[in-house]
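# Tertiary structure, described
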Amino acid sequence: NAGVTQTPKFHILKIGQSMTLQCTQDMNHNYMYWYRQDPGMGLKLIYYSVGAGITDKGEVPNGYNVSRSTTEDFPLRLELAAPSQTSVYFCASSYTGLAGGNKNIQYFGAGTRLSVL
Amino acid sequence: AQSVAQPEDQVNVAEGNPLTVKCTYSVSGNPYLFWYVQYPNRGLQFLLKYITGDNLVKGSYGFEAEFNKSQTSFHLKKPSALVSDSALYFCAVRDGGADGLTFGKGTHLIIQP
């Protein structure tokens, strides 16, 4: 069971460059999320999606974009990277259907550690 | 707006002693409450949740948490700590809506042999 898979694990980006963080899940979950984790700050929600074709902003969306063309994939795009986007990025997914013991539990990937220099 | 407070940056416990990691929350509707654990350079792992029902919920690795509505708290507990419990623990809440979780800042739990 792969669960939530994120690539790459590490990346160094130059200021002004763009890149896409990949996230895929094989649990057929309807909801997917992107968070960033900064030291001592917990996790902050960037964007989320309730299903293919539907996305919405979270608490800290500026400088990021997302798309959800399939149930499995939820890539996060950084445009014109800035040092403030140096962080660890986590993708998560959850099932929010009508039944099931694992309903509402978010499952996290291993993270992408990104440095913008 | 919903929020979570974890008042302790670090909790130190001797192995074999009981442990408590504190969490209080604020949410407008009925809370969905969660505890997650993070080991170094890893993603977050689910420990337990409270949605409805019994105020005492049991989770993975012998952990449990007590939901207290009047005190808006959801403290994480374990009767006997293990050195392997040393990690970063996050409390999280959402109000049942469609958006993501609101996390506390995390508490470093250090279990001393």
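Structural data are supplied above this passage.
Just so it is clear, the model here is predicted, and its values are computed rather than measured. (Residues numbered from 1 in each chain as written. Chains lettered and ligands numbered in written order. Predicted model: local features only at pLDDT ≥ 70, side-chain atom pairs only at ≥ 80, totals over all residues. Heavy atoms only, no water.)

Residues and elements named next belong to chain A. Summed over all chains, the structure comprises two disulfides over all chains. Sulfur-sulfur distance for the disulfide between Cys23 and Cys91 comes to 1.9 Å. Around the S-S axis, the bridge from Cys23 to Cys91 shows a dihedral of about -70° and counts as left-handed. A residue pair is termed long-range when its members are at least 10 positions apart, and Cys23 in strand 3 (residues 19-25) and Cys91 in strand 9 (residues 87-94) qualify at 68 residues. (Disulfide = S-S within 2.5 Å. Helix = DSSP H or I, 4+ residues; strand = E, 2+ residues; numbered from the N terminus.)

For the structure on display, the rule yields six salt bridges over all chains. We note a salt bridge from A:Lys44 to A:Glu59, for which the minimum N-O separation is 3.6 Å. Of this pair, A:Lys44 sits in strand 5 (residues 43-51) while A:Glu59 sits in the loop between strand 6 (54-57) and strand 7 (64-66), placing them 15 residues apart in sequence. We classify A:Glu59 as exposed; its relative accessible area is 53%. The salt bridge involving B:Lys58 is made with B:Glu64; its shortest N-O contact spans 2.9 Å. (Salt bridge = Lys/Arg side-chain N within 4 Å of Asp/Glu carboxyl O. Buried < 20%, exposed > 50% of the residue type's maximum accessible area, 1.4 Å probe, protein only.)

Turning our attention to the interface of chain A and chain B. Counting from both sides, the interface comprises 23 residues of chain A and, opposite them, 21 residues of chain B. A combined buried area of about 1600 Å² lies between chain A and chain B, and 57% of that area is made up of carbon and sulfur atoms. Its largest share of buried area at the contact with chain B, chain A owes to A:Leu43, A:Asn104 and A:Phe108, together 29% of the area lost on that side. Taken together, the links from chain A to chain B amount to zero salt bridges. Applying the counting rule to chain A against chain B returns five residue pairs in polar contact (both at pLDDT 80 or more). Of the residues that constitute the side of chain A that touches chain B, the class distribution is 12 nonpolar, nine polar and two charged. (Contact = heavy atoms within 4.5 Å. Buried area = accessible area lost by both parts, 1.4 Å probe. Polar contact = N/O pair within 3.5 Å; in protein donor to acceptor, adjacent residues only side chain to side chain. Nonpolar A, V, L, I, M, F, W, Y, C, P; charged D, E, K, R; others polar.)

Moving on, we come to the layout of surface pockets. Here the idea is plain: a probe the size of a water molecule rolls over the atoms and shows the empty space left. What the largest pocket holds in volume is close to 600 Å³. Looking at the largest pocket, it is lined by 30 residues, and the ones nearest its centre are A:Gln37, A:Val88, A:Arg113, B:Gln38 and B:Asn41. Going through the elements one at a time, strand 9 and strand 11 (112-116) of chain A together with strand 10 (87-94) of chain B are the ones with two or more residues in the lining of the largest pocket. Of the residues forming the lining of the largest pocket, the biggest block, four residues, is contributed by strand 11 of chain A. Class assignment for the residues of the lining of the largest pocket results in 12 nonpolar, 12 polar and six charged. Lining the second largest pocket are 16 residues, with A:Glu59, B:Gln2, B:Asp99, B:Gly100 and B:Thr102 sitting closest to its centre. For the lining of the second largest pocket, the secondary-structure elements that each account for two or more residues are strand 5 of chain A together with strand 1 (3-5) and strand 11 (102-103) of chain B. Counting residues per element, the lining of the second largest pocket draws most heavily on strand 5 of chain A, which supplies three residues. (1 Å grid on protein atoms, 1.4 Å probe; cavity = no way out; pocket = protein on both sides within 12 Å on 5 of 7 lines; lining within 4 Å. Points joined across faces, edges and corners; volume = space filled by probe spheres on them.)

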